Amino acid sequence: MPLIKLNAIDSTNDFLKHLFKESAVEDYTIVIAKEQTKGKGQMGAKWISEPGKNLIMSVLVKGIQPNNHNIYDFNIAVAVSVLQVLKNIQIPNVAIKWPNDIMADSKKVAGILIENIIKPDGSFTAIIGIGLNLNQTNFENLPQATSLKCITGKTYEQEAIAILIKDSLEVNSVTLKNHPDSLWKEYDDSLFKKDYPSPFEDKNGNRFMGIIKKVTRDGKLEVMLDDDRTMHFEVKELKML
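Residues numbered from 1 in each chain as written. Predicted model: local features only at pLDDT ≥ 70, side-chain atom pairs only at ≥ 80, totals over all residues. Heavy atoms only, no water.

Novice: How should I be thinking about the pattern of salt bridges in this particular structure?
Specialist: Pairing between side chains becomes possible if they bear opposite charge and their charged atoms approach one another. A complete count under the given rule lists 15 salt bridges for this structure. In this structure, Asp227 and Arg229 form a salt bridge, with 2.8 Å as the shortest nitrogen-oxygen distance. A relative accessible area of 42% means that Asp227 is categorised as partly exposed. Here the salt bridges share partners, and the residues they tie into one network are Asp14, Lys17 and Glu115. (Salt bridge = Lys/Arg side-chain N within 4 Å of Asp/Glu carboxyl O. Buried < 20%, exposed > 50% of the residue type's maximum accessible area, 1.4 Å probe, protein only.)

Novice: Please explain the sheet that holds strand β12 (residues 238-240) as it appears in this structure.
Specialist: Backbone-to-backbone hydrogen bonds pair the strands of a sheet. The strands run either parallel or antiparallel. Taken together, five strands build an open sheet; the order of strands is β11-β10-β9-β8-β12 and the sheet is antiparallel. On the outer flanks of this sheet lie β11 (230-233) and β12, each paired with one strand and no other. Strand-to-strand, the axes of this sheet are offset by a mean angle of 50°, without reference to chain direction. Pairing of strand β9 (residues 207-215) with strand β10 (residues 221-225) involves five bridges; the strand directions are antiparallel. (Pairing = 2+ DSSP bridges. Helix = DSSP H or I, 4+ residues; strand = E, 2+ residues; numbered from the N terminus. Axes fitted to C-alpha atoms, helices over the stretch in contact; angles between N-to-C directions.)

Novice: Teacher, can you tell me more about the environment of Pro197 here?
Specialist: For Pro197, the position within the fold is in strand β8 (residues 197-202). The exposure class assigned to Pro197 is exposed, which follows from its relative accessible area of 57%. Ignoring any residue separated from it by four or fewer positions in sequence, one finds Pro197 in contact with Met209, Gly210 and Ile211. (Contact = heavy atoms within 4.5 Å.)

Novice: Where do I start with the pairing of strand β7 (residues 124-132) in this structure?
Specialist: For a regular strand, side chains alternate in direction, first toward one face of the sheet and then toward the other. The buried fraction of β7 amounts to nine of the nine residues, a majority that puts the element mostly inside the structure. The two faces of β7 match: Phe124, Ala126, Ile128, Ile130 and Leu132 on one face and Thr125, Ile127, Gly129 and Gly131 on the other face are all buried. Taken together, the eight bridges between strand β3 (residues 55-64) and β7 define a ladder with antiparallel strand orientation. By the bridge assignment, Ile64 is partnered in β7 with Phe124. Two elements, strand β6 (residues 107-118) and β7, share nine bridges in a ladder whose sense is antiparallel. By the bridge assignment, Asn116 is partnered in β7 with Ala126.

Novice: Before we go on, may I ask you to explain the side chain of Gln136 in this structure?
Specialist: Mapped onto the fold, Gln136 is located in the loop between β7 and α3 (148-152). A polar contact of 2.8 Å, which involves the side chain of Gln136, links it to the side chain of Asn54. Here the side chain of Gln136 touches Asn138 through a polar contact of 3.1 Å, landing on its backbone oxygen. (Polar contact = N/O pair within 3.5 Å; in protein donor to acceptor, adjacent residues only side chain to side chain.)

Novice: Teacher, can you tell me more about the side chain of Asn13 here?
Specialist: Here Asn13 shows up in helix α1 (residues 12-22). The exposure class assigned to Asn13 is buried, which follows from its relative accessible area of 4%. Polar contacts involving the side chain of Asn13 include one to the side chain of Glu115, which spans 2.7 Å. Those residues in contact with Asn13, other than ones at most four positions away along the chain, are Ser58, Leu113, Glu115, Ile127, Ile128 and Gly129.

Novice: For this particular structure, what's the right way to read the packing of helix α4 (residues 158-178) against helix α5 (residues 180-189)?
Specialist: Between two packed helices, both the angle of their axes relative to each other and the distance between the axes serve to describe the pair. Closest axis-to-axis distance for the α4/α5 pair is 5 Å, and the angle between their directions is 115°. The angle between the axes of α4 and α5 places the two elements in the roughly perpendicular class. Across the interface between the two elements, Asn172, Thr175, Leu176 and Asn178 from α4 touch Pro180, Ser182 and Leu183 from α5. When its residues are assigned to classes, the contact of α4 with α5 shows three nonpolar, four polar and no charged. (Parallel < 35°, antiparallel > 145°, perpendicular 65-115°, else oblique. Nonpolar A, V, L, I, M, F, W, Y, C, P; charged D, E, K, R; others polar.)

Novice: It is not clear to me how the sheet that holds strand β2 (residues 30-36) should be interpreted in this structure. Could you clarify?
Specialist: With respect to topology, seven strands assemble into an open sheet ordered β1-β2-β3-β7-β6-β5-β4, the strand pairing being mixed. Edge positions in the sheet fall to β1 (3-9) and β4 (94-97), since each has one partner strand and no second. On average, adjacent strands in this sheet sit at an angle of 20° to one another, irrespective of strand direction. Strands in contact with α1 are β1, β2, β3, β6 and β7; relative to β3, the strand with the most contacts, it is inclined by about 35°.

This is the structure:
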């Protein structure tokens, strides 16, 4: 398993994507950077990290065959893979915030950005970017963020955690082929704020209260409104306040 370590890079996802296009790259190749100058999050958001303190990684997964399942199933497999690693290293109160943020103690501890390179036959290669707050303790301008060290007081080694995540991805890629429903169940059981009243804002700036019921198989969030109507939202159509 190749592991590429960089001091500073604009984006580990972009670096790995370029490497994949220009040369033969092994499956599950990992890229780790101490500092990322143009880190990307969901919907164009920036991922800001204190240099050298956190895990900034991308991993390549090749030849994913959707077969009879939805392409969104792979997103589920990735989120569950990160969640399982955190549970296995005894991080308490972890959850998945739709679509791909990982929460701990109701604060964001990790973000995931998946970029797919789709082939004509429908198969695809995924570049999975993961930002996981490990040892940073100052979140003065990010009140909704936390780190593993803030939670446990322990110091974590970036490379070791990256390999654990890669191993979890490998296992769950097999599970995805054979038992995708089990991954969906773990995702659903771990959904942040599920069945609790929460404030939301839609794409038009309208604010309302709703209750998350589930995520549909095509990746939409199902929310029950206060008049008992159920609505479905795409990622860009809704944010939780």
